[in-house]
Amino acid sequence: MKISIRGKLIIFAGAAALLASMTMAHGDKKHVIGTVEKITSESVVVKTAAGKSVEVKLIAATNYVSRVGSEDKPAKVSDLAVGDRVVIHATPKGETLEADEVKFSSPSASGATAKPQH
């Protein structure tokens, strides 16, 4: 089956709209999906597919999950590294986001096709 350029553009636009809608999930929770740009003891900065940098606060109750292959494993903040792919479930608190869960995978360990699942 051959898809025209117009058909490909429609598919791309639909996929972009789907990704944009994924920023709001689970009631008042937000999803932040992208690549880790910066990590401090208090927060992580994620570069989204749209090129936007989003800072998410790390709190004592934040749960960390490492995706290795097709398996999720308990992790800690020190396992997280710049360049990792992340899906963060966060709660808006005023002007900030607080991470409830940080699910991540290393680009070298996950390969090009594996991505964190949520």
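Because the structure is a prediction, the values reported are computed rather than measured. (Residues numbered from 1 in each chain as written. Predicted model: local features only at pLDDT ≥ 70, side-chain atom pairs only at ≥ 80, totals over all residues. Heavy atoms only, no water.)

Colleague: Account for the environment of glycine 27, with residues named and values stated.
Modeller: As for its position among the elements, glycine 27 is in the loop between helix H1 (5–21) and strand S1 (30–39). Exposure remark for glycine 27: the relative accessible area of 60% places this residue in the exposed category. Remark: the alpha-carbon pair of glycine 27 and threonine 91, spanning 64 residues in sequence, is separated by 9.7 Å. (Helix = DSSP H or I, 4+ residues; strand = E, 2+ residues; numbered from the N terminus. Buried < 20%, exposed > 50% of the residue type's maximum accessible area, 1.4 Å probe, protein only.)

Colleague: Which residues make up the nonpolar core, and what are the values?
Modeller: Val32, Val44, Val56, Leu80, Val86, Ile88 and Val102 are the most contacted members of the largest nonpolar core, which has 16 residues in total. When contributions to this core are tallied by element, the ones reaching two or more residues are S1, strand S2 (43–48), strand S3 (53–57), strand S6 (85–93) and strand S7 (96–105). If you tally residues by element for this core, the top one is S7, at four residues. When neighbours within four sequence positions are excluded, leucine 80 is seen to be in contact with Val36, Ile39, Val44, Val86, Val102 and Phe104. (Core = buried A, V, L, I, M, F, W, Y, C linked by side-chain atoms within 4.5 Å. Contact = heavy atoms within 4.5 Å.)

Colleague: I'd like a rundown of the side chain of histidine 31, residues and numbers included.
Modeller: Relative to the elements of secondary structure, histidine 31 occurs in strand S1. Residue histidine 31 is classed as buried on the basis of its relative accessible area, which comes to 7%. At 2.7 Å, the side chain of histidine 31 and the side chain of histidine 89 are in polar contact. (Polar contact = N/O pair within 3.5 Å; in protein donor to acceptor, adjacent residues only side chain to side chain.)

Colleague: Which residues make up the confidence of the model for the protein chain, and what values do they have?
Modeller: Residues at a pLDDT of 70 or more form 72% of the protein chain, whose mean pLDDT is 82. Scored below 50 in pLDDT, residues 110–115 shows three contacts in the model against residues more than four places distant or in partner chains. (pLDDT = per-residue confidence, 0-100.)

Colleague: Explain the pairing of S7 residue by residue, including any values.
Modeller: Pairing of strand S4 (residues 63–68) with S7, which is carried by four bridges, proceeds in the parallel orientation. Following the sheet pairing, valine 65 is matched in S7 by lysine 103. The pairing of S6 with S7 spans nine bridges and is classified as antiparallel. Residue pairing for S7: alanine 90 is matched across the bridge by alanine 99. The hairpin turn running from S6 into S7, its antiparallel successor, is two residues long, and glycine 94 in that turn takes a positive phi close to 65°. (Pairing = 2+ DSSP bridges.)

Colleague: Pulling in residues and values, what's your account of the pattern of salt bridges?
Modeller: As enumerated under the stated definition, the model contains five salt bridges in all. Note that lysine 47 is salt-bridged to glutamate 37, the shortest N-O span being 3.6 Å. Placement of the pair is lysine 47 in strand S2 and glutamate 37 in strand S1, with a sequence separation of 10 residues. A relative accessible area of 36% places lysine 47 in the partly exposed class. On the basis of relative accessibility, which here comes to 35%, the residue glutamate 37 falls in the partly exposed class. (Salt bridge = Lys/Arg side-chain N within 4 Å of Asp/Glu carboxyl O.)

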